[in-house]
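Analysis of the macromolecular model
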Amino acid sequence: MNSTNKYKRYQRQILLHEFGEAAQEKLQNAKVLVIGAGGLGCPALQYLAAAGVGTIGIVDFDVVDISNLQRQILYTVEDIGKSKAETAVSKLAALNPEIQIRSFNFQITNENALQIISDFDLVIDGSDNFPTRYLVNDACVILDKPLVYGAVLRFEGQVGVFNLADKHSNIKTNYRDLFPESPDSTSKLSCNEVGVLGVLPGIIGTMQATEAIKIIAGVGQVLANKIISYNALSNSFYDFEITPAKNETITFPKNENEFLNFNYEWFCKSQSIKGEISISEFDALRRIEKITIIDVREMAELPLVDEFLYIHIPLVNFEKFISTIPQENKIVIFCRSGKRSLKALEILNKKLPNCIAFSLAGGIESWKINNSNS
Amino acid sequence: MEIRIIVFGQLTDIIGKTELAFSDVNNTDELKQKLSNMFPELSKIKYAIAVNKIVAQNNTALIEKDLVALLPPFSGG
């Protein structure tokens with residue numbers, strides 16, 4: 001674009017005293033990655049493209065569905081069944097052909113996240129599930145990239161900026177400082193299940209774009225170390241200042257290797273549904289946090305277990321000695337085949353209802369077979 | 001002494017309102033315990049507690065006129 005056209009296109013923001021041509025130049029040189037081209041991603045993408053962000057990346061593996069059109073305003077009836085990422089690219093290119101737009105038409109995972117994100121200066125999280133949110137957060141922390149977070153439910157939305165120091169301190173906080181522990185099943189209510197007012201992700205996604213533009217242009221006060229909660233019904237905003245978490249018992253990946261090995265699906269799994277835990281889930285859980293393991297077999301029953309520490313309370317005495325079980329960690333109960341441990345779990349759930357406990361599916365026999373193969 | 005508590009997101013479903021007040025809690029741990037006793041479902045839910053708009057990372061003392069906010073995570077996009 002020649003400079004006259006460029007001036008015309010961006011004239012209204014170049015005119016802004018705090019913005020000017022210098023900030024426009026910064027936008028043109030910036031690379032922003034938007035995770036999720038849904039309710040939050042659509043408005044964020046439109047404003048970033050319109051404002052002249054030079055390179056935009058879009059990650060989404062999903063296709064357009066008719067139920068998306070109520071809030072995902074980049075798409076029309078003709079786009080139903082088409083890739084969101086690719087449809088978004090063509091719509092944004094029509095809006096602003098002067099910018100580079102890249103689509104990543106697949107799911108972001110441990111394996112690809114670091115490589116994708118490292119090509120960008122800033123990330124906008126418009127995803128719709130907890131595993132992706134924790135994954136994107138951790139990747140941004142490891143790569144030291146600012147992350148503009150947004151989430152919506154019903155009539156409420158949250159927006160904040162992670163991994164960016166505010167003007168007064170060198171402190172950088174992130175999603176894990178706000179919600180260090182994995183969410184429970186009720187937190188996992190999704191917009192599919194409980195609904196969302198269509199305009200709400202429009203508001204929150206637009207706020208995310210605003211924060212991204214402010215960060216790039218270096219204007220105004222950014223929501224660094226803060227999160228705002230907006231309620232559309234009461235027209236109210238409430239802000240939360242985030243401080244670094246102090247709980248050192250909660251583990252999360254801090255380097256590339258740990259990141260590649262972290263099981264995000266498991267971390268975010270519903271843990272209020274009490275029941276069985278699979279062998280691989282049990283092994284993942286042992287790796288990521290301190291848990292209490294209980295053997296409910298008879299004394300000296302085979303096979304012997306020396307691979308991890310556990311407490312021994314045979315099922316016949318389980319109720320009698322239940323008070324000796326530490327309750328601060330998650331509990332996994334095992335027996336030989338996984339049947340007695342289910343009975344013990346039933347007793348435990350009745351007597352200690354606040355504990356989070358599981359029974360090892362298939363028992364220690366299956367665990368031994370599984371672990372000798374691998 | 002009165003501590004005001006405001007409630008966000010799906011926590012309002014459990015508590016049944018967006019605001020409540022207590023006069024007999026001295027710190028955030030006591031508040032959590034009291035809430036869990038009153039609303040057992042809450043004991044299984046993870047939420048952030050902010051005292052006067054600052055997220056409390058540890059047990060935090062509460063005094064007259066403090067404003068406590070309970071913020072649950074949600075993931076919709």
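For every chain, the first residue of its written sequence is number 1, and the numbers climb from 1 along that sequence. Chain letters start at A and ligand numbers start at 1, both assigned in the order the entries are written. Only residues with pLDDT of at least 70 are given local features in this predicted model, and only at 80 or more are side-chain atom pairs given and counted; all residues enter the totals for whole chains, interfaces and linings. The side-chain quantities take in all heavy atoms of the structure and omit both hydrogens and water.

A separate point is the pairing of strand E3 (residues 48-51) of chain B. Residue and element names in this part refer to chain B. Of the two faces of E3, the one carrying Ala48 and Ala50 and the one carrying Ile49 and Val51 are both buried. Whether two strands pair depends on DSSP finding at least two bridges between them. Every helix listed is a DSSP run of H or I at least four residues long, and every strand listed is a run of E at least two residues long, numbered separately from the N terminus. Relative to strand E5 (residues 67-71), E3 runs antiparallel, the two being bridged by 4 bridges. By the bridge assignment, Ala50 is partnered in E5 with Ala69. Bridge analysis of E3 against strand E4 (residues 54-55) gives 2 bridges, and the strand direction is antiparallel. Residue pairing for E4: Val51 is matched across the bridge by Ile54. The loop that links E3 with its antiparallel partner E4 comprises 2 residues; one of these, Asn52, has a positive phi angle of about 50°. Residue burial is assigned from relative accessible area. The probe radius is 1.4 Å, only protein chains are included, and a residue is buried under 20% of its type maximum, exposed over 50%, and partly exposed in between.

Residue and element names in this part refer to chain B. For E5, the tally of buried residues reaches 5 of 5 residues, placing the bulk of the element in the interior. A two-sided burial pattern is seen for E5, the buried positions comprising Leu67, Ala69 and Leu71 on one face and Val68 and Leu70 on the other. Here strand E1 (residues 3-7) runs beside E5; their pairing, made up of 4 bridges, is parallel. Within the sheet, the bridge partner assigned to Val7 lies in E5 and is Leu70.

Residue and element names in this part refer to chain A. Between its terminal C-alpha atoms helix H4 (residues 84-95) stretches 16 Å, which fits the 16 Å expected from 12 residues at 1.5 Å a residue. For H4, the set of buried residues is Lys84, Ala85, Thr87, Ala88, Val89 and Leu92. At the N-terminal end of H4, a side-chain oxygen is found 3.3 Å from the backbone nitrogen of Ala85, two or three residues along, and the residue is Ser83. Expected span of a helix, by definition, is 1.5 Å for each gap between consecutive residues, and there is one gap fewer than residues. Under this definition, polar contacts are N or O atom pairs within 3.5 Å; protein pairs additionally need one hydrogen-donor-capable and one acceptor-capable atom, and for neighbouring residues in sequence, both atoms have to be side-chain atoms.

Next up on the list: the nonpolar core. The nonpolar side chains of soluble globular proteins are, as a tendency, buried together. Grouping buried Ala, Val, Leu, Ile, Met, Phe, Trp, Tyr and Cys residues that are joined through side-chain atoms within 4.5 Å yields what is termed a nonpolar core. By size, the foremost hydrophobic cluster in this structure holds 60 residues, and its most contacted members are Leu33, Phe240 and Phe282 of chain A. Of all the elements, helix H6 (residues 130-143) of chain A adds the most residues to this core, at 6 residues. Discounting residues that sit within four places of it in the chain, Phe240 of chain A has contacts with Asn225, Lys226, Ile227 and Ser229 of chain A together with Phe8, Ala50, Lys53, Val55, Ala69 and Leu71 of chain B. The next biggest cluster of nonpolar side chains, apart from the first, holds 46 residues, and it includes Ala44, Ile56, Ile58 and Val196 of chain A. Any two residues having at least one pair of non-hydrogen atoms within 4.5 Å are treated as being in contact.

Turning to unusual backbone geometry, a few remarks are in order. Note: most residues except glycine have negative phi, and most peptide bonds are trans. Residues and elements named next belong to chain A. A cis amide bond, omega 0°, links Leu302 with the succeeding residue Pro303. As for its placement among the helices and strands, Pro303 is situated in the loop between strand E10 (291-295) and strand E11 (311-312). Phi at Ala300 takes a positive value of approximately 65°, unusual for a residue other than glycine. Position of Ala300 among the secondary structure elements: in the loop between E10 and E11.

With that settled, consider the confidence of the model for chain B. All names here are of chain B. Looking at chain B, pLDDT values average 93 and 100% of them are 70 or higher. Confidence of the predictor in every single residue is expressed as pLDDT, which spans 0 to 100. Summarising per-element confidence for chain B, the mean pLDDT is lowest in helix H1 (residues 11-15) (92) and highest in E5 (97). Here the complex is predicted with pTM 0.80, and the ipTM for its interfaces comes to 0.95.

This brings us to the interface of chain A and chain B. Residue-level contacts link 43 residues of chain A with 25 residues of chain B. With both sides pooled, the region where chain A packs onto chain B buries about 3000 Å², and carbon together with sulfur makes up 57% of that total. Counting the surface chain A buries against chain B, the share from its top three residues, Phe179, Tyr238 and Phe240 of chain A, is 20%. What counts as a salt bridge is simple: a side-chain nitrogen of Lys or Arg found within 4 Å of a carboxyl oxygen of Asp or Glu. Here chain A is connected to chain B by 2 salt bridges. Across the salt bridge formed by Asp239 of chain A and Lys53 of chain B, the nearest N and O atoms sit 3.1 Å from each other. Connecting chain A to chain B are 14 residue pairs in polar contact (both at pLDDT 80 or more). Of all the secondary-structure elements, those providing two or more residues to the side of chain A that touches chain B are H6, strand E5 (147-153), strand E6 (156-162), helix H7 (175-178), strand E7 (226-231) and strand E8 (236-241) of chain A. In this classification, the charged set is Asp, Glu, Lys and Arg, the nonpolar set is Ala, Val, Leu, Ile, Met, Phe, Trp, Tyr, Cys and Pro, and all remaining amino acids, among them Gly, are polar. Residues that form the side of chain A that touches chain B fall into these classes: 19 nonpolar, 13 polar and 11 charged. The term buried area refers to how much accessible surface (probe radius 1.4 Å) is lost by two components on association, counted for both of them together.

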